[in-house]
Amino acid sequence: MASAPSLILGIETSCDETAAAVVRDGRQVLSNIIASQHDLHREYGGVVPEIASRAHLERIDPVITAALKQAGVAMADIDAVAVGNRPGLVGSLIVGVSAAKAIAWATGKPLIGVDHVQAHLYAAALNLEPDAAPQYPALGLVVSGGHSSIFDVRSPLQMQSIGSTIDDAVGEAYDKAAVILDAGYPGGPKLDKLAQTGGAGRVEPLPRSLLDRDSLDFSFSGLKTALLYRVRGQPQGRGRDATFARSVADLSDAERADLAAAFQQAAIDTIFIKLRRAIDKLTSEGRPPRCVVIGGGVSANSALRARCNDLQAKAGLPVFVPPLVLCLDNAAMIAGLAHHRFVADQFDDMHLAAIATTGG
Ligand code: KG4
Ligand code: ZN
């Protein structure tokens, strides 16, 4: 791990969390402020981009001020300002990027743009002593609302995707499953909670889409559709005109909980089957990973966290999952990862763009 000292202010606004944090030396989280917008989007059942950008605009200044205050530092003490500038909702990203540029321009501090997905994979390394931190090469898994991807991770800033979703991201599938089961908003955590009160064994298992025998890609849309039909029955007719025999209101609470548990078991099983495949593949190619690093909103999932111990024991590799507060979108992971660009003198200028897609 890069060892030069740094004190970095991080900013994150890629989706519906306005966040700022101060991190020392890429490791020690001095503050981590997250203003969530769930209340604003709940009535629409999902994130409304225009509402998200406007809320970021209102909150970004107080959130940054709170992050400096909680860390007990002044802007003058900061060595660089970092911002997640890709991927995400472009109108949301622009707010964070503009704030970071304004601070950099007004104070003369260096500016560092950070990839949000790479930052999720760095979250598990925060607050650990260097000898307890992930060692590279590592196998990385990002499971969030926008991504389900497996990476061959060479260093915090160098990684190659070796598998990704061909349709829905797993978090997106959770959010849709929560709507199908009327589990509440935000969908992922609500479905996780409902699943914990049910028993997957009490209903017929839902399908695990594994694709080809060697594939490291994911597909979750079949699981989501299978759940929909299990709740409502097979559709009569096609497309928009399709009608269903039942609705979720016809299910008892216990039936909803059992189906949530079956969904959770199928989704998490699929993830761990792919992780095992990826470890075996890299090992057989002479590139065995030294550990597994997991990040993204779905790494807050109770079933996923429980399965990590099992993977650690069976694969004989340390498995790193961030503490809950660092699983969801946050700016500590942005400031932490930016340290590695800071020590390598890799800075951005006022042309830093907000980019909606990875690699765009
Ligand atoms: O990383 P994140 O905050 O934002 C993105 O980069 O997408 O991830 C948000 C996603 C949402 O889809 C949310 O439903 C899901 O993570 N999520 C969960 C849980 N907590 C959050 N999914 C399953 N179980 C959870 N406990
Ligand atoms: Zn995220």
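Data block above holds the structure.
This one's a predicted model, so the numbers in the text were calculated from it and none came from an experiment.

**Student:** With reference to specific residues and values, describe the overall build of the protein.
**Tutor:** A tally of helices and strands in the protein yields 10 helices and 10 strands. Taken against the 2.2 N^0.38 rule, which gives 21 Å for 360 residues, the C-alpha radius of gyration of the protein at 21 Å falls within 12% of a compact globule. Taken over the C-alpha atoms alone, the protein extends approximately 65 × 50 × 35 Å along its principal axes. Put simply, the protein has 360 residues, and 51% of those count as buried.

**Student:** Give me helix 3 (residues 90–107): which residues, what numbers.
**Tutor:** If you check helix 3, its first and last C-alpha atoms are 25 Å apart, about what 18 residues at 1.5 Å a residue would give, namely 26 Å. Check the buried side of helix 3 and you find it contacts strand 1 (7–12), helix 2 (49–71), strand 4 (80–86) and strand 5 (111–115). Residue G108 follows helix 3 closely and has a positive phi angle near 75°.

**Student:** Residue-level account of the pattern of salt bridges, with values.
**Tutor:** Side-chain pairs of opposite charge can arise whenever the charged atoms involved come near each other. Enumeration over the complete set of coordinates arrives at 17 salt bridges. For E129, the salt bridge goes to R27, with nearest N and O atoms at 3.7 Å. Note that E129 is positioned in the loop between helix 4 (116–122) and strand 6 (138–143) and R27 in the loop between strand 2 (17–24) and strand 3 (28–36), a separation of 102 residues in sequence. The partner of K176 in a salt bridge is E172, with the nearest N and O atoms 3.4 Å apart. In this pair, K176 and E172 are both assigned in helix 5 (residues 170–180), 4 residues apart and thus about one turn of the helix distant.

**Student:** Tell me about the nonpolar core, and name the residues and values.
**Tutor:** Soluble, globular proteins show a tendency: their nonpolar side chains are buried together. In terms of nonpolar packing, the biggest core is built from 50 residues, with L227, F263, I271, L275, V292 and I294 touching the most fellow members. Sorting the residues of this core by element identifies strand 6, helix 5, helix 6 (187–196), helix 7 (221–232), helix 8 (253–284), strand 9 (291–295) and helix 9 (302–315) as the ones contributing at least two each. Considering each element in turn, this core owes the most residues, 15 residues, to helix 8. Every residue in contact with I294, bar those within four places of it in the chain, is listed here: A124, L141, V143, L275, S299, L304, C308, V319, F320, V321 and P322. Counting residues in hydrophobic clusters, the runner-up holds 25 residues, among them L68, A71, V83 and L352.

**Student:** How would you summarise the site of ligand 1 if you had to cite specific residues and measurements?
**Tutor:** Lining the immediate environment of ligand 1, one finds 18 residues, of which H120, G145, D175, D192 and N301 sit closest. Here G171 contributes a backbone N or O atom positioned 3.1 Å from an oxygen atom of ligand 1. Here ligand 1, which alone exposes 550 Å², has 89% of that area covered by the protein. Secondary structure elements with two or more residues in the shell around ligand 1: helix 4, helix 5 and helix 6.

**Student:** I'd like to hear about unusual backbone geometry, residue by residue, with values.
**Tutor:** Here the bond from Y136 into P137 is cis, since omega is 5°, no more than 30 degrees from zero. With respect to the secondary-structure elements, P137 resides in the loop between helix 4 and strand 6. Cis rather than trans, the peptide bond between Y185 and P186 has omega equal to -5°. By the element assignment, P186 lies in the loop between helix 5 and helix 6.

**Student:** Let's hear about the packing of aromatic side chains: which residues, and what values?
**Tutor:** With the rule as written, the count across this model stands at 4 aromatic pairs. Between Y174 and F263, the ring centres sit 5.1 Å apart and the planes meet at 90°, which makes this aromatic pair edge-to-face. Of this pair, Y174 sits in helix 5 while F263 sits in helix 8, and the two are 89 residues apart along the sequence. Among the residues examined, F263 registers a relative accessible area of 0% and is labelled buried.

**Student:** Explain the environment of I11 to me, and be specific about the residues and the numbers.
**Tutor:** Here I11 is to be found in strand 1. Sequence separation between I11 and G113 is 102 residues; the distance between their C-alpha atoms is 9.8 Å.

**Student:** So, the environment of A82: which residues are in play, and what are the values?
**Tutor:** Residue position: A82 is located in strand 4. According to the relative accessible area criterion, A82 is buried, its value standing at 0%. With residues near it in sequence (within four places) discarded, A82 still touches I8, L9, G10, I11, I112, V114, I334 and A338.

**Student:** Talk me through the packing of helix 2 against helix 3; I want residue IDs and the actual numbers.
**Tutor:** Put simply, helix 2 and helix 3 touch, their axes get as near as 8 Å, and they point 30° apart. Between helix 2 and helix 3, the angle falls in the class roughly parallel. Helix 3 is crossed by helix 2, and the crossing has right-handed handedness. Residue-level contacts link A52, S53, H56, L57, I60 and I64 of helix 2 to G91, S92, V95, A99 and I103 of helix 3. Its residues assigned to classes, the contact of helix 2 with helix 3 comprises 7 nonpolar, 4 polar and no charged.

**Student:** With reference to specific residues and values, describe the sheet that holds strand 5.
**Tutor:** Across the sheet, which stays open at both edges, the 5 strands sit in the order 3-2-1-4-5 with mixed pairing between neighbours. The two strands at the open ends of the sheet, each matched to only one other strand, are strand 3 and strand 5. Here the average twist between neighbouring strands, direction ignored, is 20°. Summarising the sheet, strand 1 and strand 2 pair through 6 bridges and their orientation is antiparallel. Bridge pairing in strand 2 links I8 to V23. Across the sheet, helix 3 is in contact with strand 1, strand 4 and strand 5; its angle to strand 4 comes to roughly 160°.

Cut-offs and rules
- Positions within a chain are numbered from 1, following the residues in the order the chain's sequence is written.
- By the order in which they are written, chains take letters starting at A while ligands take numbers starting at 1.
- This being a predicted model, a pLDDT of at least 70 is required before a residue's local features are given, and a value of 80 or more before pairs of side-chain atoms are given or counted; all residues contribute to the totals for chains, interfaces and linings.
- The side-chain numbers reported here are obtained from all heavy atoms of the structure, hydrogens and water having been left aside.
- Counting from the N terminus, the helices are DSSP H or I runs at least four residues long and the strands are E runs at least two residues long.
- Both definitions apply: the radius of gyration is a C-alpha atom measure, and the globule rule equals 2.2 Å times residues to the power 0.38.
- Partly exposed describes any residue whose relative accessible area lies between the buried limit of under 20% and the exposed limit of over 50%, with all areas from a 1.4 Å probe on protein chains only and scaled to the type maximum.
- Helices are assigned an expected span. That span is 1.5 Å times one less than the residue count.
- Any pair of residues with heavy atoms lying within 4.5 Å of one another is described as a contacting pair.
- Salt bridge, as applied in this entry: a Lys or Arg side-chain nitrogen positioned within 4 Å of an Asp or Glu carboxyl oxygen.
- Nonpolar cores were defined as sets of buried Ala, Val, Leu, Ile, Met, Phe, Trp, Tyr and Cys residues, with membership established by side-chain atoms within 4.5 Å.
- Throughout, the term near means that a residue has one or more heavy atoms lying within 4 Å of the molecule or strand in question.
- Within 3.5 Å is the distance limit for a polar contact, defined as a pair of N or O atoms, with the added protein rule that one can donate a hydrogen and the other accept it, and that residues adjacent in sequence qualify only through two side-chain atoms.
- In this description, accessible areas are obtained by the Shrake-Rupley approach with a 1.4 Å probe, and a residue is regarded as covered only by the protein chains that are shown.
- Here a Phe, Tyr or Trp ring, Trp counted by its six-membered ring, pairs with any other such ring whose centre lies within 6.5 Å, and the pair is stacked when the planes are under 30 degrees apart, edge-to-face when over 60, and tilted otherwise.
- Geometry is summarised by axes, namely lines fitted to C-alpha atoms with helices restricted to the contacting stretch, and by angles between N-to-C directions that run from 0 to 180 degrees.
- Orientation labels follow simple angle bins: below 35 degrees gives roughly parallel, above 145 gives roughly antiparallel, 65 to 115 gives roughly perpendicular, and whatever is left gives oblique.
- Here is the rule for handedness: rotate from the far helix to the near one, and if that takes an anticlockwise turn smaller than a right angle the crossing is left-handed, while a clockwise turn gives right-handed.
- Under the convention adopted here, Pro, Cys and the residues Ala, Val, Leu, Ile, Met, Phe, Trp and Tyr are nonpolar, Asp, Glu, Lys and Arg are charged, and Gly plus all remaining residues are polar.
- Any two strands with at least two DSSP bridges between them are considered paired.

Read these as spatial facts, not as claims about activity.
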